[in-house]
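# An overview of the molecular structure
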Amino acid sequence: MLKDKTALLLVNVGTPNNPSVQAVRRYLFQFLNDPRVIDLPWLARKILVNLIIVPFRAPKSAKLYQRLWTDEGSPLLTNTLRLQEKLQKSLDSQADVFVGMRYQEPSIRKAAASIKEGGYTRLIVLPMFPQYASSTSGTASQAVMEEIGKWNTIPHVHFINQFYNHPAFVDAFAQRIAAYQPNTYDFVLFSYHGLPNNHNDKSHPGIPSAQCECEKAMPPHGQFCYKAACYETTRLLVEKLNLQGDKFTTAFQSRLSNNWMQPFTDKTLNMLAQKGIKRLLVVAPSFTADCLETTDEIGHEYKNEFMAAGGEQLTLVESLNDSDPWVDALKQILASHL
Ligand SMILES: C=CC1=C(C)c2cc3[nH]c(cc4nc(cc5[nH]c(cc1n2)c(C)c5CCC(=O)O)C(CCC(=O)O)=C4C)c(C)c3C=C
Ligand SMILES: [Fe+2]
Ligand SMILES: [Fe+2]
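Predicted model only: the values in this text are computed from it and were never measured. (Residues numbered from 1 in each chain as written. Chains lettered and ligands numbered in written order. Predicted model: local features only at pLDDT ≥ 70, side-chain atom pairs only at ≥ 80, totals over all residues.)

## Some thoughts on the packing of helix 4 (residues 108–118) against helix 5 (residues 134–148)
Running from N to C, helix 4 and helix 5 cross one another at 45°; their axes reach a closest spacing of 10 Å. One way to sum up the angle between helix 4 and helix 5 is to call them oblique. Crossing angle aside, the handedness with which helix 4 passes helix 5 is right-handed. Of the residues in helix 5, those in contact with Ile-108, Arg-109 and Ala-112 of helix 4 are Ala-143, Val-144, Glu-147 and Ile-148. Partitioned by chemical class, the residues of the contact of helix 4 with helix 5 number five nonpolar, no polar and two charged. (Axes fitted to C-alpha atoms, helices over the stretch in contact; angles between N-to-C directions. Helix = DSSP H or I, 4+ residues; strand = E, 2+ residues; numbered from the N terminus. Parallel < 35°, antiparallel > 145°, perpendicular 65-115°, else oblique. Left-handed = near helix turned anticlockwise from the far one by under 90°. Contact = placed C-beta atoms within 7 Å. Nonpolar A, V, L, I, M, F, W, Y, C, P; charged D, E, K, R; others polar.)

Right, here's the structure in full:
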């Protein structure tokens, strides 16, 4: 009996190589020129991204990255590499674990080259996004397909394109939140990375997001609706944590324009402070590793806004990062593919 040799490829967004304006410009240029991220016709995208967004955004984002950067580098990358190491030890000879970032380094291209070189018979691709979006899991999977599509021998390939409702993911995140004793806070805010509204509309053609009503329950067409998956993630987590209905809400952060998914996290924070909420716990379950959007946007920017609006304490729940429960959960998510 021939033995399979399995490679596991963990994919995430990626981060600049260093926090200089030049490196951030390079990163944003690659990121925002991805047609799955800015889905405009070619010329419109080039004009908007290269002449407007990147030149104005790069110096501002570089300042944020400089505040975030540690001696080891960008948290998104260091957290992912630590997870790779721990998962590799735990999986032992079941699979060899590789990391490929969609933008910048270590690139999907280099990871794919190592996998090709290793002569693996099976490849499991795991974009590290709990809820599917074309601009995250979709583009990650496409980039991997473009690489392996050039190979003479294409191995057995499995894409795990979302896991928001996998009991092991829900358990691991709920454990993380439970450690903060959420019932001792006035309110819990579940904040997800937002998307432009038209991106979500495309996930169920013929049913505009406005009619989707996925805030209330998972609709039958909601399999790949990012918004539906986010609301369902909140429902699964609050059920595990036994949170009362008037003690939590869901909102969307990191918008690039007002035409993104609502309610917006910053507006929600202000509204909560005005209603007299003093101690707020914030959970970010669309991320599996801490990064600019959690540590800085929530833990710094939104925290300051909440305090200025009358809040007294905003605590951000640490992401799954390389925690032991997350390593165990990943093994369960992978189990049927190994
Ligand atoms: C968690 C899922 C994510 C979705 C969905 C997503 C969509 C999305 N993002 C942008 C634009 C930017 N995102 C940026 C950073 C960033 N985004 C995610 C995750 C999702 N993005 C992560 C994990 C990160 C962090 C990277 C890090 O280095 O720590 C940035 C760069 C930073 C900045 O300038 O704000 C941009 C730009 C769009 C347009 C989009 C959907 C269309
Ligand atoms: Fe993003
Ligand atoms: Fe929907």
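## Thoughts on the sheet that holds strand 1 (residues 6–12)
Taken together, the four strands give an open sheet; going across it, the order is 2-1-3-4, and neighbouring strands pair in parallel fashion. Each end of this open sheet is capped by a strand with a single partner; those strands are strand 2 (96–101) and strand 4 (156–159). In this sheet, neighbouring strand axes are inclined to one another by 20° on average, regardless of whether the strands run parallel or antiparallel. In the sheet, strand 1 pairs with strand 3 (residues 122–127) via six bridges, with the strands oriented parallel. Bridge pairing in strand 3 links Leu-8 to Ile-124. Here helix 3 (residues 75–91) sits on the sheet in contact with strand 1 and strand 2, set at roughly 165° to strand 2. This element, helix 5, spans strand 1, strand 3 and strand 4 of the sheet and lies at about 150° to strand 3. (Pairing = 2+ DSSP bridges.)

## A word on the UniProt feature "binding site: Fe(2+)" (unreviewed entry) in the protein
Here the UniProt-annotated "binding site: Fe(2+)" (unreviewed entry) positions come out as His-193 and Glu-293. Over a stretch of 101 residues, the named residues converge on one spot in the fold, their C-alpha atoms separated by at most 8.0 Å. Tracing the chain through its elements places His-193 in strand 5 (residues 187–193). Judged by the 26 C-beta atoms lying within 10 Å of it, His-193 is buried. Checked against the element boundaries, Glu-293 lands in helix 10 (residues 292–308). On the basis of neighbour count, Glu-293 is assigned to the partly exposed category, with 19 C-beta atoms found within 10 Å. Excluding its chain neighbours within four sequence positions, the residues that come into contact with Glu-293 are His-193, Gln-253, Ser-254 and Phe-287. (UniProt positions renumbered as here; feature names shortened; annotations may be inferred. Buried ≥ 20, exposed ≤ 12 C-beta atoms within 10 Å, placed from the backbone.)

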